[in-house]
Amino acid sequence: MIIAVDGPSGSGKSSTARGVATRLGLQYLDTGAMYRAVTWSALEHGLDLDDLAAVAERARAVQLSISTDPQRAQFAADGVDVTEAIRDPRISSSVSKIATNLDVRAELIRRQRELIEASQPTGGAVVEGRDIATVVWPHAELKLLLTADQEARMARRKAELAEGAVTADQLRDQIVRRDADDSTVSQFQVASDGAVEIDSTRLTLEEVIDVICRLAKEAEAASRDRDS
Ligand SMILES: Nc1ncnc2c1ncn2[C@@H]1O[C@H](COP(=O)(O)OP(=O)(O)OP(=O)(O)O)[C@@H](O)[C@H]1O
Ligand SMILES: Nc1ccn([C@H]2C[C@H](O)[C@@H](COP(=O)(O)O)O2)c(=O)n1
């Protein structure tokens, strides 16, 4: 089973997808981490992020190692562990430049499909991002759009950062400006065909995980009925 989870920044995709994958014994793919790792690599190589061809070349060249174990978040780029570095505000503020480069997207979508295919012999994966149900894996057995209102998303992001780590303007940039830029290349503001929208504004993380696990069981049963 492939479960696709898309949605805006701070809606809870990573924490929810990791929780669902753990409970259902599936792999977990954080596609945003791949865009972040390419951003890290481009900056390490001193590239101008507006040089679309040079950045796309870097995306094709960089060796990415992505853990799909929901219990062990670990990412490496060209052999360097970037698990922590890719969460730095420096990366968050520039990653949209990489994610709106269409040649970078083509390369990362190709790699994401390979990782999803590799997950199938062990039962599948929960895959989260912005374009999973619409572009990367439209035939996912369960497609979800996870939303929450803007105030809740900003409050959640603020709560997870150290006191004073970002200013109010930086916080708004990480959520509102990033969604505006990212939505120029992906459609994650409204549910696509066959996707179920879950508004998590008034739900706890555990409640969202419960809802998704129930939907996954229903999707699995429906698929068994179709096959028999
Ligand atoms: N339903 C929820 N209720 C309260 N807090 C939540 C809920 N879901 C997630 N959170 C918290 O909100 C914060 C942001 O969640 P998370 O990083 O999973 O979002 P995201 O959609 O993956 O964000 P981004 O796309 O920016 O990486 C985390 O601290 C997480 O623990
Ligand atoms: N499938 C995806 C995943 C992510 N992005 C972009 C959008 C974000 O600005 C950036 C980092 O994602 P995050 O870790 O914050 O979820 O990558 C995308 O365009 N498509």
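Scroll up to find the structure this text is about.
Residues numbered from 1 in each chain as written. Chains lettered and ligands numbered in written order. Predicted model: local features only at pLDDT ≥ 70, side-chain atom pairs only at ≥ 80, totals over all residues. Heavy atoms only, no water.

Caption draft 1: Summary view of the side chain of E107. Along the chain, E107 turns up in helix α5 (residues 102-119). Here E107 falls in the buried class, since its relative accessible area comes to 9%. For E107, the contacting residues outside a window of four places in its chain are A59 and R60. (Helix = DSSP H or I, 4+ residues; strand = E, 2+ residues; numbered from the N terminus. Buried < 20%, exposed > 50% of the residue type's maximum accessible area, 1.4 Å probe, protein only. Contact = heavy atoms within 4.5 Å.)

Caption draft 2: Here's a closer look at the site of ligand 2. Neighbouring ligand 2 are 14 residues; R36, R105, D131, R178 and D182 lie closest to it. Between an oxygen atom of ligand 2 and a side-chain N or O atom of R36, the distance comes to 2.7 Å. Considering ligand 2 on its own, with 450 Å² of exposed area, one finds that the protein chains cover 96% of that surface. When residues of the shell around ligand 2 are traced back to their parent elements, those giving at least two are α2 (31-44), α4 (89-99) and α8 (168-182). If one sorts the elements of the shell around ligand 2 by residue count, α2 sits on top with four residues. Looking at the shell around ligand 2, its residues break down into three nonpolar, four polar and seven charged. (Near = heavy atom within 4 Å. Polar contact = N/O pair within 3.5 Å; in protein donor to acceptor, adjacent residues only side chain to side chain. Areas by Shrake-Rupley, 256 points an atom, 1.4 Å probe, with all protein chains shown as cover. Nonpolar A, V, L, I, M, F, W, Y, C, P; charged D, E, K, R; others polar.)

Caption draft 3: Local environment of the site of ligand 1. Around ligand 1, the surrounding shell holds 17 residues, and the nearest of these are S9, K13, S14, S15 and E160. G12 is positioned with one of its backbone polar atoms (N or O) 3.0 Å from an oxygen atom of ligand 1. In the environment of ligand 1, an oxygen atom lies 3.0 Å from a nitrogen or oxygen atom belonging to the side chain of R157. Relative to its unbound accessible area of 640 Å², ligand 1 is 80% covered by the protein chains. When the residues that make up the shell around ligand 1 are grouped by side-chain class, the tally is four nonpolar, seven polar and six charged.

By themselves, these are just geometric observations and shouldn't be taken as functional.
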